[in-house]
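In case you want the letters, here they are:
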Amino acid sequence: MGLLQDKFSKYDLPQQVMAKGVYPYFRCINSAQDTEVIMSGKKVLMFGSNSYMGLTNDPRIKEAAIEATRKYGTGCAGSRFLNGTLDIHVEFEKELAEFVGKEDAISFSTGFQVNLGTLSAAAGRGEYIICDERDHASIVDGRRLSFATCYKYKHNDMEALEK
Ligand SMILES: Cc1ncc(COP(=O)(O)O)c(C=O)c1O
C-alpha cells in the first residue's frame, strides 16, 4: 500500500463524529431555497440560509439567470484576470459602485472568496490582525493568506479585545 492510501485507510474522524450523532454534513433539500424547504418529503422551516433577501428564489432573478445562461453559457470558462470577465460583470460592478458611492467595485461569487480576497489584500507581513477566536473559516483562511500576525480575543468578549 502506498503512503497516501495507508494514511487515508486510517482516517476515521467522520465515522467517529457519526457515532456521536453530530455529523452535520450534506443533508439534502429537494425544493427551492426559501423560508420553507422540503427535506425527506417533509416541509420544514429554513433557519440556516444565507439568502437573507430571498433573492435565490426570486422569479426576476431566476429569469435573468436563465437569460444569462442562454446568452453566455453556464460559466465564465476562465479566471476574471484572463478570459473570464463578461460585460455583465463590468455592468454589475459599475452599478454596485454607484449604489454604494465608491469609485469601483469587484464582485466575488461566494462569501468565502470575499474573505480570502479582501483579507489577504488588506494586511500583510509585519502587520497585525486582531480577530475573534470563533471567526468564520473563510476569515481564518484569509488571515493566513495575508501573512499578517494574528491576535485572537475571546469570542464576543470586548474586555478581552481591549486587553
Ligand atoms: C461570516 C461568514 N463569512 C463567510 C461565509 C461564506 O460564505 P459562502 O457560503 O458564500 O462562501 C459565511 C457563510 O456562512 C459566513 O457566515
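All of these numbers come straight from a predicted model, not from anything done at the bench.

## Examining the side chain of Ser 138
At step 1: Relative to the assigned elements, Ser 138 resides in helix H6 (residues 137–146).
At step 2: Ser 138 has contacts with Phe 112, Asn 115 and Leu 116, leaving out every residue within four places of it along the chain.

## Structural notes on a nonpolar patch on the surface
At step 1: Together, Tyr 128, Ile 130, Tyr 151, Met 158 and Leu 161 give the surface a local cluster of nonpolar side chains, amounting to about 560 Å² of exposed area.
At step 2: Listed by contribution, the elements that provide at least two residues to the nonpolar patch are strand E3 (128–132) and helix H7 (158–162).
At step 3: One can find Met 158 in helix H7.

## A closer look at the pairing of strand E1 (residues 36–39)
On any regular strand, side chains alternate: one points to one face of the sheet, the next to the other face.
At step 1: Inspection of the sheet shows E1 paired to strand E2 (residues 42–45) by 4 bridges, in the antiparallel sense. The residue of E2 that forms the bridge with Met 39 is Lys 42.
At step 2: Once E1 ends, the chain turns through 2 residues before running back antiparallel as E2, passing Ser 40 with a positive phi of about 50°.

## With respect to the site of the ligand
At step 1: Around the ligand, a shell composed of Asn 50, Thr 110, Gly 111, Phe 112, Asn 115, His 136 and Ser 138 is seen.
At step 2: Within the backbone of Gly 111, a nitrogen or oxygen atom sits 2.7 Å from an oxygen atom of the ligand.
At step 3: Phe 112 is positioned with one of its backbone polar atoms (N or O) 2.8 Å from an oxygen atom of the ligand.
At step 4: Relative to its unbound accessible area of 390 Å², the ligand is 55% covered by the protein chains.
At step 5: Examining the composition of the shell around the ligand, we find that 3 residues originate from one element, helix H5 (residues 111–122), more than from any other.

Calculation criteria
- Residues numbered from 1 in each chain as written.
- Predicted model: local features only at pLDDT ≥ 70, side-chain atom pairs only at ≥ 80, totals over all residues.
- Heavy atoms only, no water.
- Helix = DSSP H or I, 4+ residues; strand = E, 2+ residues; numbered from the N terminus.
- Contact = heavy atoms within 4.5 Å.
- Patch = residues over 30% accessible without salt bridge, like charges linked within 9 Å, V, L, I, M, F, W, Y side chains within 5 Å.
- Areas by Shrake-Rupley, 256 points an atom, 1.4 Å probe, with all protein chains shown as cover.
- Salt bridge = Lys/Arg side-chain N within 4 Å of Asp/Glu carboxyl O.
- Pairing = 2+ DSSP bridges.
- Near = heavy atom within 4 Å.
- Polar contact = N/O pair within 3.5 Å; in protein donor to acceptor, adjacent residues only side chain to side chain.

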